[in-house]
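Observations on the three-dimensional arrangement
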Amino acid sequence: QVHLVESGGGLVQAGGSLRLSCAASGRTFSTYAMGWFRQAPGKEREFVAALSRSGGSTAYADSVKGRFTISRDNAKNTVYLQMNSLKPEDTAVYVCAADRGSTGWVTAVTWSSGYESWGQGTQVTVSS
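My aim in this report is to walk through the structure given alongside it, one point at a time.

The rules we used
- Residues numbered from 1 in each chain as written.
- Predicted model: local features only at pLDDT ≥ 70, side-chain atom pairs only at ≥ 80, totals over all residues.
- Heavy atoms only, no water.
- Helix = DSSP H or I, 4+ residues; strand = E, 2+ residues; numbered from the N terminus.
- Rg over C-alpha atoms; globule rule 2.2 N^0.38 Å.
- Disulfide = S-S within 2.5 Å.
- Buried < 20%, exposed > 50% of the residue type's maximum accessible area, 1.4 Å probe, protein only.
- Phe/Tyr/Trp six-rings, centres within 6.5 Å; stacked < 30°, edge-to-face > 60°.
- Lys NZ or Arg CZ within 6 Å of the ring centre and 35° of its normal.
- Salt bridge = Lys/Arg side-chain N within 4 Å of Asp/Glu carboxyl O.

1. Here we look at the overall build of the protein chain
When helices and strands are tallied, the protein chain shows zero helices and 11 strands. Along the protein chain, from the amino end to the carboxyl end, the secondary structure elements read β-β-β-β-β-β-β-β-β-β-β. In terms of overall dimensions, the protein chain is globule-like: its C-alpha atoms have a radius of gyration of 13 Å, near the 14 Å expected for 128 residues. When the backbone C-alpha atoms are referred to their principal axes, the protein chain occupies close to 40 × 25 × 25 Å.

Below, the structure written as structure tokens:
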């Protein structure tokens, strides 16, 4: 497993932007498929965005398509989530996840059970 630490969360007004970062430990970051999930109070964890190990495949929840972008910098062992045009309903704890399984080599994994490592999360609050 890999150790993941998220950062970049905060309070922003509706329509604003934030960029979340997820830093991974170790030297094998490039071998991991990565994903972002979120959990709002009283709700179940939901998929937000995913990126295959190869970087060639991405997937987004319908609710964030066109507003959020996932990317990775293997030299920095970091995956990012650029969030634009934020809405109050985007308020949640955002958590990144990583997995070395073969499914994620070329596929963007959108299910939480497909990930073996999880960060602690970073709070994003969008005010109206």
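Read on, since the account is not over.
2. Here's the deal with the state of the cysteines
Under the definition given, this model contains one disulfide. Across the disulfide from Cys-22 sits Cys-96; the S-S distance is 1.9 Å. Residues Cys-22 and Cys-96 are joined by a disulfide whose S-S torsion is about 45°; by sign, that bridge is right-handed. Residue Cys-22 is located in strand E3 (residues 18-24), and its partner Cys-96 is located in strand E9 (residues 92-99); the two are separated by 74 residues in the primary sequence. Looking at Cys-96, the relative accessible area reads 0%, which means it is buried.

3. Considering the packing of aromatic side chains
Counting across every chain of the model gives four aromatic pairs. Taking 5.7 Å as the distance between ring centres and 70° as the angle between the ring planes, the aromatic pair formed by Phe-37 and Phe-47 counts as edge-to-face. Of this pair, Phe-37 sits in strand E4 (residues 33-39) while Phe-47 sits in strand E5 (residues 46-51); the two residues are 10 residues apart in sequence, bridging distant segments of the chain. By relative accessible area, which is 3% here, Phe-37 ends up buried. According to the relative accessible area criterion, Phe-47 is buried, its value standing at 15%. Centre to centre, the rings of Phe-37 and Trp-118 are 5.1 Å apart; their planes meet at 55°, and the pair counts as tilted. Residue Phe-37 is located in strand E4, and its partner Trp-118 is located in strand E10 (residues 117-118); the two are separated by 81 residues in the primary sequence. Judged by relative accessible area, which is 25%, Trp-118 ranks as partly exposed. Grouped by ring-pair contacts, the aromatic residues Phe-37, Phe-47, Tyr-115 and Trp-118 constitute a single cluster. Directly above the aromatic system of Trp-118 lies the positively charged group of Arg-45, at a separation of 4.1 Å from the ring centroid. For Arg-72, the ring lying beneath its charged end belongs to Phe-29, and the centroid distance is 4.7 Å.

4. Observations concerning the pattern of salt bridges
Close approach of charged atoms allows side chains of opposite charge to pair. Considering all chains together, one arrives at four salt bridges under this definition. The shortest N-O distance in the salt bridge between Arg-67 and Asp-90 comes to 2.8 Å. Pair noted here: Arg-67 is in the loop between strand E6 (58-60) and strand E7 (68-73) and Asp-90 is in the loop between strand E8 (78-83) and E9, with a separation of 23 residues, a long-range link. Residue classification places Arg-67 among the buried positions, given a relative accessible area of 10%. Of the residues examined, Asp-90 reaches a relative accessible area of 1% and is grouped as buried. A network of salt bridges, in which partner residues are shared, links Arg-38, Glu-46, Arg-67 and Asp-90.

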